[in-house]
Every structure is written in structure tokens, then in C-alpha cells.
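Overview (structure and organization)
This is what each chain is made of:
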Amino acid sequence: MYLNTATLLVVFYLNSIVSPVFTIRNVTLTIEPGTAVARGTNVTVRCNAVISSSGGEALSREYTIYKDSMKVYTKTSSTAEDLLYPLPDVRVSNTGKYKCEINIEGKQQASEVKKLTVTGLSKPVLHTPNVVVSEQGEVTATCRAPGETGSIYFYFYEDSNVILENQASSNLLETRFHLSRPGIHKIHCTYSVFVMPEVLNSEKSNTVTVSVQELNIAPVMKIFPQSKIYEGDHLTITCSINTSLQSSESVHLYLSQGTQLLSTAATKVNHSLVALVTDPGEFECRAEIGNVAKVSTEKISVTELFSAPTLTMSPAEVFQREYMTLTCKSESYAAERLNRRELTYTLEPPENLLVSRSAGVFTGKALPYDFNYTCVARARGIVKRSETLTVRPKVSVSTPKISVVGRAVLGQPFKILCQSDTGSLPINYTLLKDNAQLSTTSVKQPFEQALFTVTINESDEINKYVCAAKNNHRGHLLSKKINATVIVPLSRASLTVIPTLTEISEGDHLYLICGIKGTPPITFKWYRLGNRQPLLTNTSNINTMDYQVHRLSKEHSGTYYCEAINHANTVVRSEMVTIEVHLALWKKALIGGFCLLVVSVLVVVLVLYFKSKRGRLDRAADSVWSERPPEAASDEVSSVVSSEPDVEYTEVVHPQPVDPARGEHTHNLVLLLFFTLQMLNDYFCHSISNHLAQCPPCVPNLLTKTLLLCFPHIPF
């Protein structure tokens, strides 16, 4: 095991030393003498490879030449010389795209592609060994394209018509073909070489003249009788051949009428048939020997025994289950050969339920559905049928229905629809009012409608309209009177306020009732002036509706109105109503009571004031003013300080003594009145501040000023 490993390492080492290092630098392909040459030029395709190697020995190179991606040449060389791929005497088939590829020890590199274009094709040569052939003989012809190679198609022509075309594996093609008729024929050939993606066409070959001799063979046809043939006559036809030809090939005879083959035989054909006008009047006797055919034709004229019947109906229009008559008749017949009484008529199918009244006349009731009838005429074995008659019984119109399209609005145009559930078109509809015809219209298509435009001025006028329908000879069918709701446009909108405008106070429940005249349903909307959006929108099936406001306040004061609309689409508006919300009754009573209280307090204050002033006047008469030192000043409430710093004047009342308790009582009473009035004033202003712009300059403020003037010595 160790020995084998060592051997492999030695071999690997030796190979790494011996094997040269190389690189393929460039591969170039050239075409000499050029890439575009004429037919017959000797061309060489040269492949040159530039290789860099570390060793001195030449490397083994494998060259490959490609044409149109197909490998055409391969060579291995140990020299550095260029590879030469010769193309002697080139033809158009050598045209193509060439490429060279080199392979050295698995390393490959290819050259760029070069295209070789060879122009010019050789003129084809046509040869025929026999220029005279019989009508049933074949012509042998050989067409050759001198020197050409590749994929070649050959074409053989008689004048400008192609006789035969075929592909050959070489530059010549030998073939055999028949010429179509006796006489002189001029033949030539051409060929085409396919060099993908192109096709190169050669010029015309030489022309060869070939003479075709006619065979002495003629078919003979005889028809009995030969003249005045009528429908139903029996014909006998024979087809035979007249020839002196001695040929090993057998003759085949074919007798045909139009495209129908009647009979065939080897030497003579006999055939019998009944003459018919509808059958083709041309017969053909055809004789074939090999690929040669001879034809003899004969035409006969067959006189019609009677014409094909026609089937008619009366009346032209029939309604379901009404009586009708079908008449079947042949307009012409050969009186010299046929009696009218020999003609018989029947109807198909047998279940038609019509009864024959006379020759070709059938009567009965029309079925309630469409039915196909065919008349069959017979005489002397000849049967002819009429064209199919489809009877489509009409459906009588049903009692019409009358209705209003959309809505009927008083004083506005609207449409009335008159329609029947069943009935064949056309249907005539008539609109009547009080049995007087107003208008008539005819409905002729399934998508049409009978519409009438009317205008009414009274609601009950709508019930006077009816419509009539008719589509047959019978009388009109009248509808019921129209039953529809007439929409009266709205008018006379009014806005009623509850309670009355003079009695609206804070806290009340307000009703704004909108009333209208017109046809409900009615949509009501309430607005406040200055607001674009409605306060309330509602739809009612009655003519009045209200908008309610609970617990009124001063903010609800304003101008209000309502609008209404119904299906007449006319908007009406009420008059505007201005609402002013007054103060509540209890607030009015509070203000009145407060004012009375203030007045009463004022009276008391004034009385106290005058009493106080009078008492001071009485004391002034008995007063004695004396001077005393500043330190002997008393604590009397009514002391007066002189402007002189050393003199003090003191009021001494004589002979009545001053009551100290009386002065204190007056002082306390005034203060009590002041604070009571101040509290009442604040409460009053706070209570009505939500209803008035500001607290009114009421009596309390006046009372306060009065107290200050009357009792300046009391500190408030």
C-alpha cells in the first residue's frame, strides 16, 4: 500500500515537471481569395492559432472547421503551421458561415465567424430519348445541373405549367410523366439550390419538343326516345366504344348523369330511368384505357308534366282557433299528356286536423301554436311538394291595463301607460276620457309602449281615463278606469307658535307647528334665521307637524320659519315668526319684592337720619366750649380736634345728660342695615345674571351711598 502511494507521487511529480504550461492567445479564420467569389473559384479556408508555451516541444492540436454550425472537417496536427481547408471549384452550395475551433489538451478556443458567398448557377440541361409518344405512353426526361452540389430541387414545365417537381440527391434527376392531350408539347426544366435561409434559382434549360399521337378510340352514347320527353317517361341509355385499337390494356366504360354514376361496364352499358325535370339533363359516357380518357356527352330536355304546387292561406292573418282555408294548386300542367282530374293533393303531416273540401282545398281551425304545412301533388308516379307554409296564428289582445308612469301631479304633465299582457303585434291602443277618444297609438315592436301625456286640474279628473286595445277584426277591449293617487302640490304654509308670542317665558315648553295644504307624505324642515342647516327634518303622512323646544331660555329668542316639500317637488316656506323669551314669573316677583324691601329700608334709614340730626341740634344749644390741655382729652365719641396743637374743644351737653346706650344702638342698627342690603344686592345680581346683560343699577347701590352721606362717622 505504501509502495503504490509512493509510485503515484513520483508519477505526479514527473508529470508536473515534463508537461509544459501553455495558453491559447488567439484563433483567426480567413477565407482566401475572399469572402465573395464566383462559381468555379478555388477557395481555401485558413485557420491560424497563436499559442504561448513554456516547453520547446510542439503541442498536439485538434482543428475543427464548422459550416453553419455543422462540423465539416477535423484534423490533428503537431506543428504550429496553419490549418488549410481547401474548397476547390466552389459552387453556391458552399455558401455559408464558417468557424474554426482548436482543442489542446482539453482547452478550447474558437475563431470569429466568417461568411463565404458563392454566386452563379450553371444552366440546366434537359434530355428526352423519345420525342414522339402515343397518347397513353409516358415521356422519359432527364434534367441535369452541371457541377452543382448540395440540396437540389428539379422542376419540369410544359410551357409555363409545372408538370412535375422532385428533390434529387445528386445534380441530375430522371423521371417519367404523361402529357395531358394529343399534339405538340414544349418541355423545359429548372432547378433550385437551398442555401439556408435562401433559395437560389437557376435559369431555364433548353426546350425539347414532344409529339403525342391520339389513340383511335371513341365512346358512343344513345338515348331513347330522342325528342319530346315528358316527366314520367322511361328513358333507355346505352354507352359503348368504337375502336380499332389493338391493345393489351382493357377499356372501362362509365355512364353518369351530372355527378351521379349510373352504371359501368367493360364494353357496353345499358341503363333505364324515369325522366324528371329536377334531374340534370346532361349524360356522360366515359371510356378509359390506362391513363387516357375519352368522353361523349348528350343533353336532353324534359317537359314538365305539372308544376310544383303552391300552398296559400286565407285569410292572410288568422287568430288562434279561428277558421282558415289552405289552398294547394299546381299553376300549370301538360294538357296534351295529363288530365287535371289526375292530379291529387294532400297535406303533410297527416295530423294537420284540416278537412279536404275539394281538390286542393282544406279548411279547419287554426291551432293555438305555430304549425308547418306542406302540400303534396301526385300524378302518373310523379310526386312534387310545395314549399313549407308556416302558419303562425295571432293571439287576440287581452283586456288592457291602464296605469300612471311615475306620479300624477296636479297641474303638471304626466304619462299614462296602456298595456295588454297578451296579444300579437301590432296592437292599437286608444286613450279615452268620458268615452271621448283623445289619442291612438300603434305598438308594432316588442320593446315599444303605448304612452299618452295628459294634464289634469282636478284630483277626481284622473278617474275619467280608460284605454282601449285592438289587434283584430273584433271590437275594442276596454280597461278599467285608472286608479291612481293624484299629488296636489303644496301651498299655504303656516307656522303656529304655542304658547302665544306675548306669553313666552323662560322654562316654557315651545311648539312650532308647521301646517300645509297638499298631498302627503310631506317632508317638513324647521329653520332659525342665520342657520343654514335645519333644526329638524321629518316626514309625515299628515299635513301638520311640530318642532318642540323644552325649557326655553333667552338663547332661544330669534326668528323661525318652516319649509315643506312633497312628491310634486315644489318647496313652500312659511312666514317668519320672531320669538322673544321673557323672564320667568318668579324672577319678576323676586325683583318686585326686592325693590319693595329696598324702599322700606330707605324709609327706615331716612327716619333714623332725621332723628339723629335733630338730637344733635338740640344738644348744640346747651353746649359750652372750654379749653383744656391735650393730655386731658376725653374718650367721647363726638370729640373735635382743633387745628391749633395746644387747644382742644370739647362739647359738653347741659342740662340733659348723654345716654351712651342709645348711641351704640344706632351705630349697630345702621351697620346691620348696610350688610343686609349688601348681601341682598349680591344674591339678586347673581340670580338674574344669566338673564340680564349686567346687574341693574338698582336701589341697593343708592342706599349704600345714602348711608355713607347720612352717617359718615360710621365705618362701612
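Basis of the calculations
Residues numbered from 1 in each chain as written. Predicted model: local features only at pLDDT ≥ 70, side-chain atom pairs only at ≥ 80, totals over all residues. Heavy atoms only, no water. Helix = DSSP H or I, 4+ residues; strand = E, 2+ residues; numbered from the N terminus. Buried < 20%, exposed > 50% of the residue type's maximum accessible area, 1.4 Å probe, protein only. Contact = heavy atoms within 4.5 Å. Areas by Shrake-Rupley, 256 points an atom, 1.4 Å probe, with all protein chains shown as cover. UniProt positions renumbered as here; feature names shortened; annotations may be inferred. Salt bridge = Lys/Arg side-chain N within 4 Å of Asp/Glu carboxyl O. Pairing = 2+ DSSP bridges. Axes fitted to C-alpha atoms, helices over the stretch in contact; angles between N-to-C directions. Disulfide = S-S within 2.5 Å. Patch = residues over 30% accessible without salt bridge, like charges linked within 9 Å, V, L, I, M, F, W, Y side chains within 5 Å. Polar contact = N/O pair within 3.5 Å; in protein donor to acceptor, adjacent residues only side chain to side chain. 1 Å grid on protein atoms, 1.4 Å probe; cavity = no way out; pocket = protein on both sides within 12 Å on 5 of 7 lines; lining within 4 Å. Points joined across faces, edges and corners; volume = space filled by probe spheres on them. Nonpolar A, V, L, I, M, F, W, Y, C, P; charged D, E, K, R; others polar.

Turning to the overall build of the chain, a few remarks are in order. Helix and strand counts for the chain stand at four helices and 54 strands. Per-residue burial over the chain gives 36% buried out of 716 residues. In the chain, 61% of the contacts between residues at least 6 apart in sequence involve partners at least 24 apart. For the chain, the accessible area works out to roughly 42,400 Å², and carbon and sulfur atoms hold 53% of it.

As a further point, take the UniProt feature "transmembrane region" (unreviewed entry) in the chain. Per the UniProt record, "transmembrane region" (unreviewed entry) is annotated on residues 589-610. In residues 589-610, the share of helix is 100% and the share of strand is 0%. The end C-alpha atoms are 32 Å apart.

Now for the pattern of salt bridges. The tally for this structure, following the rule as stated, stands at 17 salt bridges. Residues glutamate 282 and lysine 299 are paired through a salt bridge, measuring 3.9 Å at the closest nitrogen-oxygen approach. Here the residue glutamate 282 occupies a position in strand S25 (residues 282-289), and lysine 299 occupies one in strand S26 (residues 292-299), the gap between them amounting to 17 residues. For glutamate 282, a relative accessible area of 38% gives the class partly exposed. On the basis of relative accessibility, which here comes to 67%, the residue lysine 299 falls in the exposed class. Where glutamate 288 meets arginine 286, a salt bridge forms, and the shortest distance between an N and an O atom there is 2.7 Å. Under the relative-accessibility criterion, glutamate 288 is labelled partly exposed at 24%.

Moving on, we get to the sheet that holds strand S45 (residues 491-498). Backbone-to-backbone hydrogen bonds pair the strands of a sheet. The strands run either parallel or antiparallel. What the three strands build is an open sheet, ordered S45-S46-S49; its pairing is antiparallel. Each edge of the open sheet carries a strand with a single partner, namely S45 and strand S49 (544-549). Adjacent strand axes in the sheet meet at a mean angle of 15°, parallel and antiparallel pairs treated alike. Direction of pairing for S45 relative to strand S46 (residues 510-517): antiparallel, over a ladder of six bridges.

Across the sheet, three strands lie side by side as S36-S38-S41; this open sheet has antiparallel pairing. Pairing within the sheet leaves two strands with one partner each, and these edge strands are strand S36 (401-405) and strand S41 (450-454). Recorded for the sheet is a direction-independent mean angle of 30° between the axes of neighbouring strands. As paired elements, S36 and strand S38 (residues 414-419) share five bridges and run antiparallel to each other. Each residue of the ladder has a partner; that of valine 404, found in S38, is isoleucine 416.

The next thing to look at is the state of the cysteines. On inspection of all chains with the given rule, the structure shows six disulfides. Disulfide pairing is shown between cysteine 143 and cysteine 189; the S-S distance is 2.1 Å. The disulfide joining cysteine 143 to cysteine 189 has a torsion of about 75° about its S-S bond and is therefore right-handed. Here cysteine 143, found in strand S12 (residues 139-144), pairs with cysteine 189, found in strand S16 (residues 183-195); they are 46 residues apart in sequence, far enough to count as distant. In this structure, cysteine 143 and cysteine 189 share a single accessibility class: buried. Across the disulfide from cysteine 239 sits cysteine 285; the S-S distance is 1.6 Å. Residues cysteine 239 and cysteine 285 are joined through a disulfide that is right-handed, its torsion about the S-S bond being 65°. Residue cysteine 239 is located in strand S21 (residues 234-243), and its partner cysteine 285 is located in strand S25; the two are separated by 46 residues in the primary sequence. Cysteine 239 sits in the buried class, given a relative accessible area of 0%. Accessibility expressed as a relative area gives 0% for cysteine 285, which makes it buried.

Below, the discussion takes up a nonpolar patch on the surface. Nonpolar side chains collect at one region of the surface, where Val599, Val603 and Val607 lie side by side and expose about 230 Å² of accessible area between them. One can find valine 603 in helix H2 (residues 585-621).

Another point: the pairing of strand S50 (residues 558-565). For S50, the buried fraction is high: seven of the eight residues fall into the buried class. Where strand S47 (residues 522-528) meets S50, six bridges bridge the pair, whose relative direction is antiparallel. For phenylalanine 524, the partnering residue across the bridge sits in S50 and is alanine 564. In the sheet, S50 pairs with strand S52 (residues 577-579) via three bridges, with the strands oriented antiparallel. Note that in S52 the partner of threonine 559 across the bridge is threonine 578.

Below, the discussion takes up the side chain of asparagine 103. Locating asparagine 103 in the fold gives a position in strand S7 (residues 96-104). Engagement of the side chain of asparagine 103 in a polar contact is seen with the backbone nitrogen of glycine 106, the distance being 3.1 Å. When residues no more than four places from it in sequence are discounted, the contact partners of asparagine 103 are Ser60, Arg61, Glu62 and Gln108.

Our focus in this paragraph is empty space enclosed by the protein. Under the definition given, this model contains one cavity of 30 Å³ or more. Reported here for the largest cavity is a volume of approximately 40 Å³. In terms of residue class, the lining of the largest cavity is made up of nine nonpolar, two polar and one charged.

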